[in-house]
Amino acid sequence: MRLDDIEKRLDLAFDMRTEELELITPHLIGAPGVGKSTIVKEYAKQKAKQLQKQFTDYDTLNPQDIKQITQTPDKYYIFADKRLTSLDPIDFSGLPKVTNDTQYVMFLPLALAKLLNQTAGLLFLDEFLNENRPNMLSASFRIVRDYKIGDIALNRQVLVVAASNSAEHSSLANSIPKPLRDRFDFIETQAPTIENWTTWMDNKYGPTNWDHNILAYLLWKPSDFLTNTTDTMEDNGFEPPATPRGWTYTSLAFAKTQDPQLRASIAKGKLGKVGETLIAFLANKVPAFNELATTPQIIKDYNIEQKYLVALTIAEAITHTQTNMSKAKKIIEYISEKDDRETISALFAFLQKQQRQQLYLTIKDNPTILNALQQTGQALL
């Protein structure tokens, strides 16, 4: 399901909640590392902005912060990310407090319950299907069913969202009793497209803070963007899957080091066998942009891996300095003469939409290039 469709489902659940129409808990289901947690947190930030409240991560608060928030709760939007497998049932019920006559007890309210009773916010219950302790399941199901933490009701502007790895991707996943399944709106969560992931990386970390050679590899072999995520009997128990989360970490780590041994170790440790293929791909060397621009014939006998790296080198040069667009014209013409559609496609895939448009305006007067673009069928505008 597309990201905007997931956000619409979350918005619908929020509206149903605030209008007191029906209590429902969106439950994101998908492979590990596809961005379920990121989707929920980014949604919470957008919702806080929409409600004109201050987004606040519960895990960053100290007792003094909590006291201050409860004095002016209408100003805040609390985001709480809780993994059920790391909690105790008492975390959802509070500590018992003996009253003066000692004939009965009451429960001290939890800080989280106190906040979410008074403020807007989102309670995210992660790894929901991994939990199997009966008392913990009872506490978590009550939140989903009644929108209460212990005996404290959640504010009408609080949405509860769950997330789990599907059974095919996790041997730890348990079943939800059928009578409780209709308390959820199950949302199948797919990995983002490589293009969407690239845009997200640029927006979140900045184009210069992650290694775009990773993108060259993913465009060359897109099937490796999400692989080895299914639990199998042949699994050695520690082979990591290749997921968007893993590619994010590897891209950021590669931007921090040029040490080939360290890079190989990172790739293997975070992406498994796919990491070994990545290192082999990156072992292909290509000249710097200025050399490519002046003597494009040097790429004549390049293999497919080198061609993708050539496309990346041109794209990064264009992105870095607009004047490089005119310099790139000669090598793009050479590629067009060779009818090298793979390199042309890769080049435009590396560019953002605005840069594609600018490059098109620079080269559209060249009939050889224009014909190659038309034959390639690359969407420029």
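It should be emphasised that the depicted structure is a prediction, and the values quoted were computed from it without experimental measurement.

Trainee: Even after reading the chapter, I still don't get the overall build of the protein chain, so can you show me in this structure?
Mentor: Helices and strands together make up the secondary structure of the protein chain, namely 18 helices and 10 strands. Within the protein chain, buried positions represent 47% of all 381 residues. Considering only intrachain contacts with a sequence separation of at least 6, the fraction spanning at least 24 residues in the protein chain is 71%.

Trainee: Teacher, can you tell me more about helix α4 (residues 111–118) here?
Mentor: Side chains three or four residues apart in an α-helix point the same way, a direct result of the helix having 3.6 residues per turn. Those residues of α4 lying buried are Leu 112, Ala 113, Leu 115 and Leu 116. Seen along its axis, α4 keeps its buried residues to an arc of 165 degrees; they face one direction. Where α4 is buried, its residues contact α3 (63–71), β3 (76–83), β6 (120–126), β7 (148–149), β8 (152–153) and β9 (158–165).

Trainee: Which parts of the structure should I look at to understand the environment of Lys 268?
Mentor: With respect to the helices, strands and loops of the structure, Lys 268 is situated in helix α10 (residues 260–271). Overall, the relative accessible area of 34% leaves Lys 268 in the partly exposed class. The spacing of Lys 268 and Leu 278 is 10 residues in sequence and 9.1 Å in space, taken between C-alpha atoms. Ignoring anything within four residues of it in the chain, the contact list for Lys 268 reads Glu 239, Pro 240, Lys 273, Gly 275 and Glu 276.

Trainee: Got a minute to help me understand unusual backbone geometry in this structure?
Mentor: Where the residue is not glycine, phi is negative for most of them; where a peptide bond is considered, it is trans in most cases. Backbone geometry places Glu 20, a non-glycine residue, at a positive phi of 55 degrees. Its place among the elements puts Glu 20 in the loop between α1 (3–18) and β1 (25–30). Looking at Glu 20, the relative accessible area reads 58%, which means it is exposed. With a phi close to 55 degrees, Asp 339 is a non-glycine residue in the positive phi region. Relative to the elements of secondary structure, Asp 339 occurs in the loop between α15 (329–337) and α16 (341–350). Using a relative accessible area of 40% as the deciding quantity, one classes Asp 339 as partly exposed.

Trainee: Which parts of the structure should I look at to understand the packing of helix α13 (residues 304–320) against α16?
Mentor: Between two packed helices, what matters for the description is the angle formed by their axes and the separation of those axes. Contact pair α13 / α16: the axes reach a minimum separation of 8 Å and the direction vectors enclose 40 degrees. Comparing their axes, α16 and α13 come out oblique. Our pair here, α13 against α16, has a crossing hand that is right-handed. Judged by residue contacts, Ile 304, Lys 307, Tyr 308, Ala 311, Leu 312, Ile 314 and Ala 315 of α13 engage Glu 342, Thr 343, Ala 346, Leu 347 and Phe 350 from α16. Across the contact of α13 with α16, the residue classes tally to nine nonpolar, one polar and two charged.

Trainee: Would you take a moment to explain the layout of surface pockets for this structure?
Mentor: To find the voids left in a structure, one rolls a probe of water-molecule size over its atoms. The space that makes up the largest pocket amounts to roughly 1100 Å³. In terms of lining residues, the largest pocket is bounded by 38 residues, among which Val 34, Gly 35, Thr 38, Ile 39 and Trp 200 are the most central. Put simply, the parts of the chain that give the lining of the largest pocket at least two residues each are α1, α2 (36–50), β3, α7 (194–205) and α9 (244–254). Per element, the largest residue contribution to the lining of the largest pocket is eight residues, and it comes from α2. Contributing to the lining of the second largest pocket are 16 residues, with Asn 213, Gln 258, Arg 263, Leu 282 and Lys 285 lying nearest its centre. In terms of residue count, α13 provides more of the lining of the second largest pocket than any other element does, four residues in total.

Trainee: Help me understand the side chain of Asp 81 in this model?
Mentor: Relative to the assigned elements, Asp 81 resides in strand β3. A polar side-chain atom of Asp 81 sits 3.2 Å from a polar atom in the side chain of Arg 83. Residue contacts for Asp 81: discarding those within four places in its chain leaves Asp 59, Phe 124 and Asp 126.

Trainee: What am I meant to see in the pairing of β1 here?
Mentor: In the case of a regular strand, side chains alternate between the two sheet surfaces. Across the six residues that make up β1, a large majority, six, are buried. Relative to strand β10 (residues 184–189), β1 runs parallel, the two being bridged by six bridges. Pairing of Thr 25 across the sheet is with Phe 184, part of β10. Where β1 lies against β9, four bridges are found, and the strand directions are parallel. Bridge pairing links His 27 to Ala 162 in β9.

Trainee: Is there a simple way to explain the sheet that holds β3 in this structure?
Mentor: Remark on secondary structure: sheet strands pair via backbone hydrogen bonds, oriented parallel or antiparallel. If you walk across this open sheet you meet the six strands as β2-β3-β6-β9-β1-β10, and the pairing is parallel. Each edge of the sheet is formed by a strand with only one pairing partner; in this case those strands are β2 (54–57) and β10. For this sheet the average axis-to-axis angle between neighbouring strands, irrespective of direction, equals 20 degrees. Two strands pair when backbone bridges link them, and β3 and β6 are joined in this way by seven bridges, in the parallel orientation. Looking across to β6, one finds that Arg 83 is bridged to Asp 126. Of the strands in this sheet, β3, β6 and β9 are in contact with α4, which crosses β3 at around 140 degrees.

Definitions and cut-offs
- Residues numbered from 1 in each chain as written.
- Predicted model: local features only at pLDDT ≥ 70, side-chain atom pairs only at ≥ 80, totals over all residues.
- Heavy atoms only, no water.
- Helix = DSSP H or I, 4+ residues; strand = E, 2+ residues; numbered from the N terminus.
- Buried < 20%, exposed > 50% of the residue type's maximum accessible area, 1.4 Å probe, protein only.
- Contact = heavy atoms within 4.5 Å.
- Arc of directions from axis to C-beta.
- Axes fitted to C-alpha atoms, helices over the stretch in contact; angles between N-to-C directions.
- Parallel < 35°, antiparallel > 145°, perpendicular 65-115°, else oblique.
- Left-handed = near helix turned anticlockwise from the far one by under 90°.
- Nonpolar A, V, L, I, M, F, W, Y, C, P; charged D, E, K, R; others polar.
- 1 Å grid on protein atoms, 1.4 Å probe; cavity = no way out; pocket = protein on both sides within 12 Å on 5 of 7 lines; lining within 4 Å.
- Points joined across faces, edges and corners; volume = space filled by probe spheres on them.
- Polar contact = N/O pair within 3.5 Å; in protein donor to acceptor, adjacent residues only side chain to side chain.
- Pairing = 2+ DSSP bridges.

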